[in-house]
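Report on the structure
Given next are the chains, with one letter for each unit.
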Amino acid sequence: MLADTTNGTPSSDRSVDAIRRYYDDFAEQEQDRLAKDVAGRVSFEIHRRFMDRYLKDGQRVLEVGAGPGRFTTVLAEQGARIVVTDISLVQLQLNEANVTAAGAEPAVEARHTLDVRDASRFPDASFDLVLAYGGPLSYAFELERQALAGLLRILKPGGILVASVMSLWGSWRARLPGAAQLAVRYGTDVTDAVIRTGDLRHVPGMVHVCRMFTWEQLAILVPECGGEILAGSASNWASLEDPTVLERIEDDPELWARFLAYETAACSSLGSRDGGTHILFAARRGKG
């Protein structure tokens, strides 16, 4: 099932190589990212509910940035036929192991290493749904338009792209102590550059580099790439607050169900879409 077949053209620059090494080294920790604490479990539920709006039994799905398989398994449970891709060969190997352990491997057609900026190996209109969770478009940098247009191109008529990007304002909100420390250590010129561009490559020695977006920027970018936005959501909102309160709520099934309903509604609100660590969006190819 596993094929190390990354197209070589845009994957050779240092930023993408650094991202590949980061996820190779991150290894099993990526599997726990949306399960290790209550805030992560809320974020997983928001992602799953958003994706479920567009999933139908029997769809052929391209999963971009699949990682160790948390959403691959969900797709399989929903009857999808899945082509699994990731920039990291280590993550793909973990994906195969975890999906096999979950009994979901028969749903996987193939696995490939893939740079999100180059989907040219896939013909036009190949997939009913493209799922790009975990922010792979935030690693496209200067080729973000090429990357997004490429994912829209491979959708069948009526097909849907469900994706996430790292959120500029939500990340600033969620990680304010670290952001303040950057200003102290490197000066406000660096933090000004990050806020102006969303690009963490401005931070000297930054291990995990990416491009962060605002909802306003996405609303311009998607149509520029030939797409039409259908819906949006933050990945988290109230769940970024006091974790001890969340833990008490999670202990009560009725309160927990009600909280998740409120959180889902809050995250989907237009006024909250910049407020989480990621921005989720659904888009289709424009009629023009």
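A few points on the structure. (Residues numbered from 1 in each chain as written. Predicted model: local features only at pLDDT ≥ 70, side-chain atom pairs only at ≥ 80, totals over all residues. Heavy atoms only, no water.)

1. Looking at the side chain of S235
Of note, S235 is situated in the loop between β7 (227-234) and α11 (243-250). By relative accessible area, S235 is classed as buried at 0%. In terms of polar contacts, S235 uses its side chain to reach the side chain of N236, at 2.9 Å. From its side chain, S235 meets the backbone nitrogen of H278 in a polar contact 3.0 Å long. Apart from residues lying up to four places away in sequence, S235 is in contact with S43, I46, H47, C267, G276, T277, H278 and L280. (Helix = DSSP H or I, 4+ residues; strand = E, 2+ residues; numbered from the N terminus. Buried < 20%, exposed > 50% of the residue type's maximum accessible area, 1.4 Å probe, protein only. Polar contact = N/O pair within 3.5 Å; in protein donor to acceptor, adjacent residues only side chain to side chain. Contact = heavy atoms within 4.5 Å.)

2. What to know about the pattern of salt bridges
Enumeration according to the criterion identifies 18 salt bridges in this entry. Linking E105 and R111 is a salt bridge whose minimum nitrogen-to-oxygen distance equals 2.8 Å. An identical accessibility class is assigned to E105 and R111; each is buried. Residues joined by salt bridges that share partners form a network here, namely E45, R48, R49 and D52. (Salt bridge = Lys/Arg side-chain N within 4 Å of Asp/Glu carboxyl O.)

3. Here we look at the packing of aromatic side chains
Per the stated rule, a full pass over the model turns up eight aromatic pairs. When the centroid spacing of 6.0 Å and the interplanar angle of 70 degrees are considered together, the rings of Y23 and Y139 count as edge-to-face. With Y23 in helix α1 (residues 14-26) and Y139 in the loop between β5 (127-132) and α6 (144-153), this residue pair connects regions lying 116 residues apart in the sequence. Across this residue pair, the class does not change: Y23 and Y139 are buried. Pairing F71 with Y133 gives two aromatic rings, centres 5.0 Å apart and planes at 65 degrees, and the pair type is edge-to-face. You can see F71 sitting in helix α4 (residues 70-77) and its partner Y133 sitting in the loop between β5 and α6, a full 62 residues away along the chain. Residue F71 shares its accessibility class with Y133, and that shared class is buried. Through a chain of ring-to-ring contacts, three or more aromatic side chains come together here, namely Y22, Y23 and Y139. For the cation-ring pair, R121 lies above F122, with the distance from its terminal atom to the ring centre recorded as 5.9 Å. (Phe/Tyr/Trp six-rings, centres within 6.5 Å; stacked < 30°, edge-to-face > 60°. Lys NZ or Arg CZ within 6 Å of the ring centre and 35° of its normal.)

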